[in-house]
Amino acid sequence: MLTKFETKSNRVKGLSFHSKRPWILASLHSGVIQLWDYRMGTLIDRFDEHDGPVRGVHFHKSQPLFVSGGDDYKIKVWNYKTCRCLFTLLGHLDYIRTVQFHHEHPWIVSASDDQTIRLWNWQSRTCISVLTGHNHYVMCASFHPKEDLVVSASLDQTVRVWDISSLKKKTASRGDDILRLSQMNTDLFGGVDVVVKYVLEGHDRGVNWAAFHPNLPLVVSGADDRQVKLWRMNDAKAWEVDTLRGHTNNVSCVMFHARQDIIVSNSEDKSIRVWDATKRTGLQTFRREHDRFWILTAHPEMNLFAAGHDSGMIVFKLERERPAFAVSGDALFYIKDRFLRLYEFSSQRDALVMAIRRPGSTGLNQSARTLSYSPTEHALLMCSDVDGGIYELYVIPRDGSGRGDGGPDAKRGSGGCAVFVARNRFAVLDRSSNQVLVKNLKNEIVKKSGLPFPADMIFYAGTGSLLCRSEDRVYIFDLQQRLVLGELQTPFVKYVVWSNDMENVALLSKHAIIIASKKLIQRCTLHETIRVKSGAWDENGIFIYTTLNHIKYCLPNADSGIIKTLDVPIYITKVSGNSIFCLDRDGKNRVIIIDAAEYMFKMSLLRKRYDHVMSMIRNSQLCGQAMIAYLQQKGFPEVALHFVKNERTRFDLALESGNIQIAVASAKEIDEKDHWYRLGVEALRQGNSGIVEYAYQRTKNFERLSFLYLITGNLDKLTKMLKIAEVKNDVMGQFHNALYLGDVRERVKILENTGHLPLAYITASVHGLHDIVERLAAELEGNVPLLPGGKEPSLLIPPRPVISGGDWPLLRVMRGIFEGGLDNIAGQGAEDEEYEAADGDWGEELDMVDVNGLENGDVAEILEGEVGEEDGEEEGGWDLEDLELPPELETPRASSVNGHSVFVAPAPGMPVNQIWIQKSSLAAEQVAAGNFDTAMRLLNRQLGIRNFTPLRQIFLNLHWGSHSYLRAFSSAPILSLALERGWSESNNHNMRGPPTLVYNFSQLEEKLTAGYHAMKTGKFTESLCLFLEILHTIPLIVVDSRREVDEVKELIGIAKEYVLGIKMELTKRDLKDDPVRQMELSAYLTHLNLQTVHLRLALNNAMTSCYKNKNFATAGMFARRLLETNPTIESLVKKARQVVAACERNNTDASELNYDYRNPFVVCGVTYVPIYRGQKFVSCPYCWTRFLPSQEGQVCNVCDLSVVGADASGLICSPSQVR
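As annotated in an unreviewed UniProt entry, the protein carries the name Coatomer subunit alpha and is attributed to Punica granatum. Word for word, the UniProt comment on the protein under Subunit (unreviewed entry) is "Oligomeric complex that consists of at least the alpha, beta, beta', gamma, delta, epsilon and zeta subunits."

**Student:** I'd love a proper account of the sheet that holds strand β6 (residues 54-59), names of residues and values included.
**Tutor:** What the 4 strands build is an open sheet, ordered β6-β7-β8-β9; its pairing is antiparallel. With partners counted over all chains shown, the strands left at the sheet margins are β6 and β9 (84-90), one partner each. Strand-to-strand twist across the sheet, computed as the mean angle between neighbouring axes with direction ignored, equals 20 degrees. The sheet contact formed by strand β8 (residues 74-79) and β9 spans 6 bridges and is antiparallel. Counted as the bridge partner of Trp-78 is Cys-85 from β9.

**Student:** Go over the side chain of His-1032 with me, naming the residues and quoting the values.
**Tutor:** Structurally, the position occupied by His-1032 is in helix α25 (residues 1020-1033). Not counting the four nearest positions on each side in its chain, His-1032 is found in contact with Pro-950, Leu-951, Ile-954, Cys-1199, Asp-1200 and Leu-1201.

**Student:** Tell me about a nonpolar patch on the surface, and please be specific about residues and values.
**Tutor:** On the surface, a cluster of nonpolar side chains totalling about 340 Å² of accessible area is made up of Trp-960, Tyr-965 and Ile-974. Inspection of the secondary structure assignment puts Trp-960 in helix α23 (residues 952-961). Of the residues examined, Trp-960 reaches a relative accessible area of 46% and is grouped as partly exposed.

**Student:** Now, about the sheet that holds strand β46 (residues 504-509): what can you tell me, with residues and values included?
**Tutor:** Judged by pairing direction, the sheet is antiparallel, and its 4 strands sit side by side in the order β45-β46-β47-β48 without closing on themselves. Pairing within the sheet leaves two strands with one partner each, and these edge strands are β45 (493-498) and β48 (522-527). The average undirected angle you get between the axes of adjacent strands in this sheet is 15 degrees. Where β46 lies against strand β47 (residues 512-517), 5 bridges are found, and the strand directions are antiparallel. The residue bridging Val-505 from the neighbouring strand is Ala-516, located in β47.

**Student:** Explain the pattern of salt bridges to me, using residue names and the numbers behind them.
**Tutor:** Two side chains with opposite charge may pair up if their charged atoms get near one another. Following the criterion strictly, the structure yields 38 salt bridges and no others. Note that Lys-20 and Glu-301 form a salt bridge whose closest N and O atoms lie 3.2 Å from each other. Residue Lys-20 is found in the loop between β2 (12-17) and β3 (23-28), and its partner Glu-301 is found in the loop between β26 (293-298) and β27 (305-309); the two are separated by 281 residues along the sequence. A salt bridge links Glu-598 to Lys-602; the shortest N-O distance between them is 3.3 Å. Linking Glu-598 with Lys-602, this pair stays in helix α3 (residues 597-606), spanning 4 residues, or about one helical turn.

Parameters at a glance
Residues numbered from 1 in each chain as written. Predicted model: local features only at pLDDT ≥ 70, side-chain atom pairs only at ≥ 80, totals over all residues. Heavy atoms only, no water. UniProt positions renumbered as here; feature names shortened; annotations may be inferred. Pairing = 2+ DSSP bridges. Helix = DSSP H or I, 4+ residues; strand = E, 2+ residues; numbered from the N terminus. Axes fitted to C-alpha atoms, helices over the stretch in contact; angles between N-to-C directions. Contact = heavy atoms within 4.5 Å. Patch = residues over 30% accessible without salt bridge, like charges linked within 9 Å, V, L, I, M, F, W, Y side chains within 5 Å. Areas by Shrake-Rupley, 256 points an atom, 1.4 Å probe, with all protein chains shown as cover. Salt bridge = Lys/Arg side-chain N within 4 Å of Asp/Glu carboxyl O. Buried < 20%, exposed > 50% of the residue type's maximum accessible area, 1.4 Å probe, protein only.

Below is the structure:
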């Protein structure tokens, strides 16, 4: 069984695959219906309107609907697009077991514990027939996939087949009156349109499931008698064909395989069994350790199954669908239907080579898994999983004599993997001794090489070399020198693809692709959320690969993209130009023509082949937002500019690339205030004061304009800005301009005109304007303000700028590769844009009105532009046309109009924090990057965490610890530098590693040791703090390997037990007046999973407490348990033996305790009472502490983080879990 997806949840009672999308519905015993994407492994939605368990659920074949039935006697029809229940069908009088849509008609069939089956019309929302006849619970009912039949199974030990053909005829042509009359009869007497065709009797106990064969007249059933029975039907009768025995408990569900002669069943014996329907023998059994199976379903179109059990569900395949193949030059050898076939890429000719003679095998997954071919010897190695793993060596006859059924004999040997390493030598991995055996074509051992590392798979790595895989690493091993030539840490590698020149290798894992050199020096890593299926290198060094639903490409710098969407998965065998050769799951060769322009363009950019880039821009149809975004990201916005016609996008790209001329032209076309403002900001950054001035004028931003004249030292225009402010009655503007100019008399005049006579007096007095002081003193009469003595006044005048007027000086550099090279591309060329931008007549629009001769009231001409704006008529520019400018300032031009060596400021790159956020799906790394919101959502989804207060300081420490802070100089801000994990100078500087994390697993182990010691010495509060720190830190650590993930999960269990135990001990100490409760808590503590030394202390404590309170029988039991731990302290042994002897003389208990040590139990994390086996409970999704059902929805009392009973996908703390 190949598990594709697994969930953790309450007991799953109903399952249904969507026919087109990668979705599955799971209905739970808790009353929730979950909608999962099994490819992505994500929970899409949940529906929880049912009251009580939901036992049946089913997708409609073509409509966006699904139906559910539960223990609340209700059938609900849902629309999954709108995420709501459309309507409810009422009629059943007891639990509803199954529901199903008809494949053609608007019907639903439902089975219920009220001993009836009902047929419903979901369009008219009525019950059209009630099928009565069973005299016990009806456990399931389903439509035949093609014929007008329904099969049902009941606890009355029968299977019934019902004929619904007359119902089909009547519903096709029935009037409303007759329909209503029929409905009344149905409700009173049961349906008359459906008749029982067969009653199948043979099971000794209640039947839980029955299903039709998709094509043949067969029925299969499973029952509480632990048997699976096969039945055959004809027009006259039905009879039992055979019985399949093997299950050791009730059979829950059983069904036929749609494409093979196979029966699949599952049972409460915690197993799924696969049977040969022809030979009626068992093929394989898959078991779970703790979970009983309840439901089984098959995908309507794909080779996928799903099974629901006590703690979730699994989606699985019975056997591999990937055809085994080997490529050699122009030839492809592949296995199809037990025949070896040859496909020539050049001629696309497919030919049968020979039959594969295999010993009879009754298991699944026995077909060839890998092929290895030696072209010089015309020999083929085929590896399979038969008998635990064997290889078969065939020498292919050159005369075609093996094409019959006979075929050549194979030389066989044990070993799950074998590959050719030379012309007539092949290597076999012996896993038991961890050796590589080199053999010749006679299957004789020539050489043995012990491996200095554990290996479970070998791949070809050139003549005389092997690429060996261990759990989380791969190695290059030289068989001649017996040396390790290279080593690389990777996720679990499934496939290895070498480039044509053997210089690069692609290592394919479940969700990742690692590109490395032949010495295993990593070049890049690519992560996929969908499973990676296959790949091949093209002649340009680009790796083309497939996922379940896409053909994609990967460049050497890890840039990737989608080439084509797939309807069904394919396996690439070769890439040649624009053609992709591949095999599908049926073993058919296909040729897919692709458009390689996008990735060839990106590859040319990467290799700096700019002549190719410019040629492709001129000749190809490259376009789209993705390409523009890519060019922006890679620092080529000036190239992206030539793909764009939209003025707003052109404006953004022009600003990013520093091309002020195109930005001005686009701003003119757009003519919006925001765009002029942004143009002004960019022009100011570049020091192009003429365009800054023009942009401020267009937005009528007088304050910024005044400040611009101040910093450029243009005092003449600053004086005119003062006059304009006076004309506009802008008092603050006047005063600011007077301050900028250092004009004291003007400031006094403004203050006097606005009625601020005391301020005017002070200003004139400080600056020595005695004539004005006397006049103002007379006006103020006796209210003259006093000036402080001993102060030396000074005139505030802004310092003169270093350079007055004109643009700021810029660094001179060589002209960029693309400047001028793309001048005549995409309609109007860049050159035309430059000259249009440069020679546009800006002079008139820059003119300002001379206001010297105007009175304050005569401002109609000046304000004409503003009045026009208010009336909604945009005049454009700043229309103050009476002012004449000096000739040299008439037309502001960007500095780089025609210059060939002008610096353009580079665009800032993406911050490392942002790269971490985009690349990582681990909560700890999101926290380190500062993306707390995403981290909290991840922890909520993975572990059900809702209370983040205990994690606040850990979040801050992680974020601060992943950065270093440098002070440049006093006036500059502090620089934040991101610290990368595992960084070294040899790293590729374009590749960003994950963040440094201040918390690691070894720290937790140290805290665990300290917690043990504090527990042993009785420092319970200190020990509790340490174990809680462990529980609070674990969600935010990262480990490398799967083995360490298991250790982390084990640590959660240990910390949970100790936190629960310490809290019980502290609670016990507060109950001095309740000796019975004290004894109970002492007893419960001894049943926690503690270290032996701590268990002895707990047993001693419980023994002492019970003995003192005269519960001698219980005290004696604790004493015996204490002696079983073999304590080394002699006084403790003596004390325990004395208690045993004393208690045997008086084996009674004075107080009755809520404690039964013979019945296994766990302790509720809040109430501290036992939950015995068989009682209902809910769990914390993080620490798995169990609680009474009344605690559902509360924050866990043990970890203080997660919500009890919440759905969660499980802890993700390693990149190996998401790759």
